[in-house]
Amino acid sequence: MSAYDYSREEFAAVFAELQKTYQIYGPKRFVGRGRFSDTDLVRYAPLASLDELELAEKSSLSPKSLVFPADETIFHFNDHEFSQPQLKENGEIIVLLRPCDINGIARLDKMFLENGGQADPYYQRRRQRLHFFMIECRESFENCFCVSMKSNTTDNYEVALRFAGDRVAAQIKDQRYEGLFGQKGRAGSFSPEFVSENDKQVELPTVETMPAEMFNHKMWEEYDSRCIACGRCNTSCVTCSCFSTVDLFYADSRQCGERRRVWDGCHLDGFSDMAGGHSFRKNKGERMRFKAFHKIYDFRKRFGFDMCVGCGRCDDVCPEYISFSSCINKLSRTLKGGSDK
Amino acid sequence: MSGNPYQPFPVKITKIVSESDVEFTMTVDASLDMVPGQFFQISLPKIGEAPISISNYGKNWLQFTIRAVGRLTGAIQSLRVGENLFIRGPYGHGFPVEKLANSNLIIVAGGSGAAPVRPLVSQIVAGTLPVKSLKLITGFKSKESILFTEDIQSWKQKCDMTLTIDKPQEGWNGDTGLVTEHIRRLKLDLPDDYQVIVVGPPVMMKFATAEFRLLGVPVDNVWVSFERLMSCGLGKCGHCKIDSTYICVDGPVMNLSHASTLID
Amino acid sequence: MSLDLNRKTVTKNAFRITKRRNYTAIRIRVPGGHLNASQIARIAKIAEQFGDGNLHITTRQGFEIPNIPFAKMAEVNAALRPLIEELELEHGVKIDNPAAGYPAAGMRNISACIGNRTCPFANTDTTGLAQRIEAVVYPHDFHTKIAITGCPNDCIKAHMQDFGIIAICIPEYDYDQCIGCEACVKACQRKVTGALDMNGSKVVRDERRCIGCGECVLACPISAWTRKPGKYYRLLVMGRTGKKNPRLAMPFLDRVNEEVVTKVIANTMAYVDRYILRCLPKEHIGYIVDRTGFNVFRDEVLQGVVLNPEARMAKTIQWPGYNTLNDANLKTPK
Ligand SMILES: Cc1cc2nc3c(=O)[nH]c(=O)nc-3n(C[C@H](O)[C@H](O)[C@H](O)COP(=O)(O)OP(=O)(O)OC[C@H]3O[C@@H](n4cnc5c(N)ncnc54)[C@H](O)[C@@H]3O)c2cc1C
Ligand code: HEM
Ligand code: HEM
Ligand code: SF4
Ligand code: SF4
Ligand code: SF4
Ligand code: SF4
Ligand code: FES
């Protein structure tokens, strides 16, 4: 392991050098593309240069689209065969992301690479070419509760970066970058720090088994009328991994088309609809409970750690001001016999 | 194949039998290893994919019994012999055959629940899966909705079978009433000795299993099969998740001790 | 001591002839309807100092301070100076002598809904636009009403103006980002024109039916719909209230940029100058257009205007409204 210091210009040159081999993704600001007019959208995208890296604002959508795109063609078909498409660009990708999101992708790994016993080939081929460059995160954004979720730290990265004013520091964990980083920088001693306290704290339920009465407890009822099933909490979440499969065919040739998989979410209508019109979670409160349990209870039962990484995006984006973190606290209070208010 | 578990492969339709107005049994060419109770993801390009239970199989053939309720199942209904169907699978946990072998077995099937238990019953009556005894209770809405009439004729000869429809109906001389009423009438001297399988609509399974519990059958001896919306069949898409259980990989057949704890 | 006033000069200076003899009322412009607390304090002070302490908020978002003696006009104008500087000059309005009060009153206050400084639906900063248009069209003597609204909800009632400007957007669709949740389609069908439809798992937009409200952008959970860069407007023309023929303004230009809107309004002033019947006390623009016909109006106001490529234009316009002559139809119920 080694560390280097750079001026911003020097590091921009390292960045440009890396781009000769890798495509570099990171949070990027799209001016005027925000939900409201004259607001911006921050999302993960290929960065043309270091200047495009957005550090001041949390991305409203997570880097999960790099491994699990919102809409991905899984087959091309005609009447008699299905064929798996090649990845359009097969090169290696460096992604600049924060510890919570690195931990978030580790959650996705559990689902896509392990659950059910078979690896998902579409996820796997995108995941394999991904290299984590961790953006050091010393100060949390609004609504973050990564510390409570123990996802504030990680060592799952190849390079860690500190952006401080017009200085950049790098810690190199993977030898392959040594030459490139060493050339342009001065040896330093940087080792990343992590957020150790968030404004928002969450108390997780400690029960081994969720009491059955919590499933239709009245604490969920308030969400029946509050949640509008818009699905933003699911789409923004770095760990939500649900999808649906749809076929579409080309208007010009009705024999050919694509099978695609698109994000779905347990808050959206139709997620649990069955033949005959039966739907398992019609009420939004039930959906809230389903999501909450998955994030902080079910997943842990299956994989040994919680799904939610406390990135706080769901709280950032909910148009109805439903706070998931507050919901977890309420759940824990209720479990301890306290008030569900 | 490519090693891609999502890859559907074509199978030729060799026979189609109409079971009722909306249900039909389709036989396809396929030689695969499978267990009764498992399912396949069936698809047609342009239309989509859906999970369908194995309704019977042999060395190089496989059957599905499908209820045309929507886009895909409707489109499959219009296919003809000689055309291709696309499938991938088999998926999930089937019936616990080793536990059932040489047991006193009771199978209760309601409506389309008859499809997944059919291969099991066929193997038992054919003697390839030996059991000590078999009681079979099948219930349907009306006489028009009875599935597998031919099989039922032969099963009647070979096992203790009750065929009931929900309400009395003109031209019906057989049993009537919900399956639960027939379960209630069972006399089980040593309830611990029985293995029980209940497959049908959720409400029916709930009440039927409760009856068996009242009869004293231990929860560990009762098996049910769940249906949920499924997109992948591989434990990835999340649609079939209940609690920390993925029905597609942990089920669809589950022991009641597990199934009864699941709350959607 | 009897007052000797030139009524025309007085009204041009934004003072009114009121029903109370020897007393006037001053009208204060607030382009775009936004002002700060210190400006309000200043207006309050004028009311206290020169009027009777009351003031009226006009329908066009200005203020009217009544019960000011005509004799105080010069003092009032002096007191108005900082307001004129802050609300007019600072936004680029050219006024030769700001110490002499408002130089014109024909061009009415440009009103605006609260716009995207606060409202989530608004497609633009309506006040900012009002201030920029003010710089182009004020001072002017022709009686003209302009209002700007942030979205087709039209909270400011642009449909009742000579020029109603609706800020719209051109939604852009990211096909590969869309997850087919139908939220946008439902929103458009429930609230707007049903310009969106599902085609399989993707959305198609009927470009002709889309009014650019931006509901799809607001609805999409994954920002598959975003607003095309740039600002776009729908320009409604010649709506009016009044004693003869109240009617709604109708779309003349759609998806045009700010330059087009501003130039068309400026050109209209020249058109009015050419065609107005000077024998009448003040002929409203709408009636002038009625006389010359839409085609003449259109050709004159589009002179030198370069329409942006997205622009659409009405072929003809029929203004829905009614004629008060038809009041003969109103009968006493038996
Ligand atoms: C393990 C398992 C085994 C099954 N076995 C059989 C079988 O042997 N025979 C049979 O006829 N059906 C079976 N089903 C149900 C069958 O999958 C659905 O009826 C089928 O998906 C409907 O597809 P469609 O395109 O025709 O209907 P759609 O047009 O998609 O929809 C019609 C209705 O069916 C619902 N639906 C869609 N997908 C599913 C789904 N996967 N499960 C339940 N409802 C769904 C829709 O929400 C809608 O309400 C099984 C389901 C599961 C989970
Ligand atoms: C069957 C016979 C006719 C029909 C159906 C007819 C119908 C119409 C219609 C629909 C208009 C359009 C009005 C508008 O755009 O608002 C119009 C305009 C007009 N018609 Fe006719 N018309 C007929 C005969 C005539 C005749 C015979 C004359 C003259 C001798 C005439 C003179 C006009 C004039 C001058 C206008 C223009 C009025 C304006 O623009 O204000 N029409 N007619
Ligand atoms: C000598 C014959 C006619 C003359 C001079 C004439 C003239 C006119 C004029 C000046 C108008 C008013 C247009 C306007 O207000 O914009 C008009 C309207 C109309 N005329 Fe005629 N017209 C004639 C014959 C007819 C005939 C024969 C018909 C029908 C059979 C007809 C049908 C109409 C209609 C329907 C309108 C109303 C159109 C509208 O409101 O848009 N006219 N006509
Ligand atoms: S973002 Fe809020 S309103 Fe939308 S589905 Fe989630 S909880 Fe409900
Ligand atoms: S549930 Fe909310 S806080 Fe937790 S990982 Fe998802 S978006 Fe982040
Ligand atoms: S919270 Fe809902 S959408 Fe997210 S992974 Fe869990 S079930 Fe899927
Ligand atoms: S709201 Fe967005 S994701 Fe949903 S259908 Fe419309 S464009 Fe697609
Ligand atoms: S069907 Fe996709 S996870 Fe079970």
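Residues numbered from 1 in each chain as written. Chains lettered and ligands numbered in written order. Predicted model: local features only at pLDDT ≥ 70, side-chain atom pairs only at ≥ 80, totals over all residues. Heavy atoms only, no water.

Some details on the overall build of chain A
To keep things clear, this is the line we draw: Secondary structure elements follow DSSP: runs of H or I no shorter than four residues count as helices, runs of E no shorter than two count as strands, and numbering proceeds from the N terminus. Note on method: radius of gyration uses C-alpha positions; expected globular size equals 2.2 Å times residues raised to 0.38. Buried, partly exposed and exposed residues are distinguished by accessible area as a fraction of the type maximum, computed with a 1.4 Å probe on protein chains only: under 20%, between the cut-offs, and over 50%, respectively. Any two residues whose heavy atoms approach within 4.5 Å are treated as being in contact.
Of the regular secondary structure elements, chain A holds nine helices and 12 strands. Over its C-alpha atoms chain A spans a radius of gyration of 22 Å, differing by no more than 12% from the 20 Å that the globule rule assigns to 341 residues. Every one of the 341 residues in chain A was classed for burial, and the buried ones make up 58%. In chain A, 73% of the contacts between residues at least 6 apart in sequence involve partners at least 24 apart.

Quick word on the environment of Val 296 of chain C
Residues and elements named next belong to chain C. With respect to the helices, strands and loops of the structure, Val 296 is situated in helix H9 (residues 294-301). With relative accessibility at 28%, the residue Val 296 sits in the partly exposed group. Setting aside residues no more than four positions away along its own chain, Val 296 makes contact with Tyr 271 and Tyr 275.

Quick look at the domain arrangement of chain C
Residues and elements named next belong to chain C. Stated precisely, the cut-off is as follows: Annotation comment: domain bounds sourced from an automatic or database domain assignment. We define buried area as the total accessible area lost by two parts upon association, computed with a 1.4 Å probe and summed across both. Any carboxyl oxygen of Asp or Glu within 4 Å of a side-chain nitrogen of Lys or Arg constitutes a salt bridge here. Polar contact is the term for a pair of N or O atoms within 3.5 Å; when the atoms are in protein, one must be able to donate a hydrogen and the other to accept it, and sequence-neighboring residues count only if both atoms are side-chain atoms. Classification used: nonpolar for Ala, Val, Leu, Ile, Met, Phe, Trp, Tyr, Cys and Pro, charged for Asp, Glu, Lys and Arg, polar for all others including Gly.
Split by domain assignment, chain C resolves into domain 1 (7-100), domain 2 (111-168 + 232-313) and domain 3 (180-227). Taking the mean C-alpha position of each, domain 2 and domain 3 sit 28 Å from one another. It is Phe 121, Asn 123 and Arg 255 that lose the most area in domain 2 upon contact with domain 3, and together they represent 49% of the buried surface on that side. On the surface where domain 2 and domain 3 come into contact, there are one salt bridge. With a shortest N-O distance of 2.3 Å, Arg 255 and Glu 207 are connected by a salt bridge. For the pair domain 2 and domain 3, the number of links is six residue pairs in polar contact (both at pLDDT 80 or more). Residue classes in the side of domain 2 that touches domain 3 are distributed as five nonpolar, one polar and three charged.

Here we look at the pattern of salt bridges
Summed over the entire model, instances satisfying the criterion amount to 64 salt bridges over all chains. Measuring nitrogen to oxygen at the nearest pair gives 3.5 Å for the salt bridge that ties Asp 174 of chain A to Arg 176 of chain A. The exposure class of Arg 176 of chain A is partly exposed, given its relative accessible area of 47%. With a shortest N-O distance of 3.6 Å, Lys 135 of chain B and Asp 160 of chain B are connected by a salt bridge.

Describing empty space enclosed by the protein
Residue and element names in this part refer to chain A. We apply this condition: Here a cavity means grid points, on a 1 Å grid over the protein atoms only, where a 1.4 Å probe fits yet cannot get out; a pocket means an open set of points with protein on both sides within 12 Å along at least five of seven lines; lining residues are those with an atom within 4 Å of a point. Grid points are joined across faces, edges and corners, and a volume is the space filled by probe spheres set on the points.
Summed over all chains, the structure comprises nine cavities of 30 Å³ or more. Taken as a whole, the largest cavity encloses approximately 180 Å³ of empty space. If you go around the largest cavity, you meet 19 residues; those closest to its centre are Lys 58, Arg 98, Cys 100, Cys 137 and Phe 141. Tallying contributions element by element places helix H2 (residues 99-114) first for the lining of the largest cavity, with three residues. Residue composition of the lining of the largest cavity, grouped by class: 10 nonpolar, three polar and six charged. Approximately 120 Å³ is the volume found for the second largest cavity.

What to know about the sheet that holds strand S5 (residues 82-83) of chain A
All names here are of chain A. Rules: A pair of strands is labelled paired if DSSP reports no fewer than 2 bridges between them.
Spatially, S5-S4-S12-S11 is the arrangement adopted by the four strands of the open sheet, whose pairing is antiparallel. Each end of this open sheet is capped by a strand with a single partner; those strands are S5 and strand S11 (243-250). Taken together, the two bridges between strand S4 (residues 71-77) and S5 define a ladder with antiparallel strand orientation. If you follow Phe 77 over to S5, its bridge partner there is Phe 82.

Concerning the sheet that holds strand S2 (residues 23-30) of chain A
All names here are of chain A. Operational definition: Where helices are involved, their axes are fitted lines through C-alpha atoms of the stretch in contact, as for all axes, and angles between N-to-C directions lie from 0 to 180°.
Spatially, eight strands are ordered S3-S2-S6-S7-S8-S9-S1-S10 in an open sheet, and the strand pairing comes out mixed. Edge positions in the sheet fall to strand S3 (41-46) and strand S10 (186-187), since each of these pairs with one other strand and no more. Bridge count between S2 and S3: six bridges; the pairing is antiparallel. By the bridge assignment, Gly 26 is partnered in S3 with Ala 45. The strands touched by H2 are S3, strand S6 (93-97) and strand S7 (130-135); relative to S7, the strand with the most contacts, the crossing angle is about 150 degrees.

A short note on the nonpolar core
Put simply, the rule reads: We define the nonpolar core as a collection of buried residues of types Ala, Val, Leu, Ile, Met, Phe, Trp, Tyr and Cys that are connected through side-chain atoms lying within 4.5 Å of one another.
Residues Val 108, Val 198, Phe 212 and Phe 226 of chain B are the most contacted members of the largest nonpolar core, which totals 88 residues. Ranked by residues supplied to this core, first place goes to H2 of chain A with five residues. Formed by 65 residues, the second largest nonpolar core is a distinct cluster that contains Ile 28, Phe 63, Tyr 102 and Ile 285 of chain C.

Looking at the interface of chain B and chain A
Taken together, the contact pairs 36 residues of chain B with 48 residues of chain A. Between chain B and chain A the total buried area reaches about 3500 Å² when both faces are included, carbon and sulfur atoms providing 56% of it. Linking chain B with chain A are five salt bridges. A salt bridge links Asp 79 of chain A to Lys 46 of chain B; the shortest N-O distance between them is 3.8 Å. Linking chain B to chain A there are 26 residue pairs in polar contact (both at pLDDT 80 or more). Residue assignment for the side of chain B that touches chain A shows that the elements contributing at least two residues are strand S3 (39-44), strand S4 (48-53), strand S15 (245-246) and helix H7 (247-250) of chain B. Split into classes, the residues belonging to the side of chain B that touches chain A amount to 16 nonpolar, 11 polar and nine charged.

Thoughts on the interface of chain A and chain C
Listed by partner, the interface residues are 23 residues for chain A and 28 residues for chain C. Carbon and sulfur atoms make up 46% of the area that chain A and chain C hide from each other, which totals about 2000 Å². Remark: the boundary between chain A and chain C carries four salt bridges. A salt bridge links Lys 202 of chain C to Asp 71 of chain A; its shortest N-O distance comes to 2.3 Å. At the junction of chain A with chain C, the criterion picks out 17 residue pairs in polar contact (both at pLDDT 80 or more). Looking at the side of chain A that touches chain C element by element, the count peaks at three residues for strand S12 (residues 253-263) of chain A.

Observations concerning the side chain of Arg 228 of chain B
Counting through the fold element by element, Arg 228 of chain B comes out in the loop between strand S13 (222-225) and strand S14 (241-242). One polar contact links Arg 228 of chain B to Asp 264 of chain B, side chain to side chain, over a distance of 2.8 Å. If sequence neighbours within four positions are ignored, Arg 228 of chain B has contacts with Met 274 and Phe 280 of chain A together with Cys 240, Ile 242, Ile 247 and Asp 264 of chain B.

Concerning the pairing of strand S9 (residues 196-199) of chain C
Within a regular strand, the side chains alternate between the two sheet faces. Residue and element names in this part refer to chain C. Burial along S9 is one-sided: Leu 196 and Met 198 are buried, and none of Asp 197 and Asn 199, which face the opposite way, are. In this sheet, strand S10 (residues 202-205) lies alongside S9 in antiparallel orientation, the contact comprising four bridges. The partner of Asn 199 across the bridge, within S10, is Lys 202. Here S9 hands over to S10 after two residues, with Gly 200 in that stretch at a positive phi of 65 degrees.

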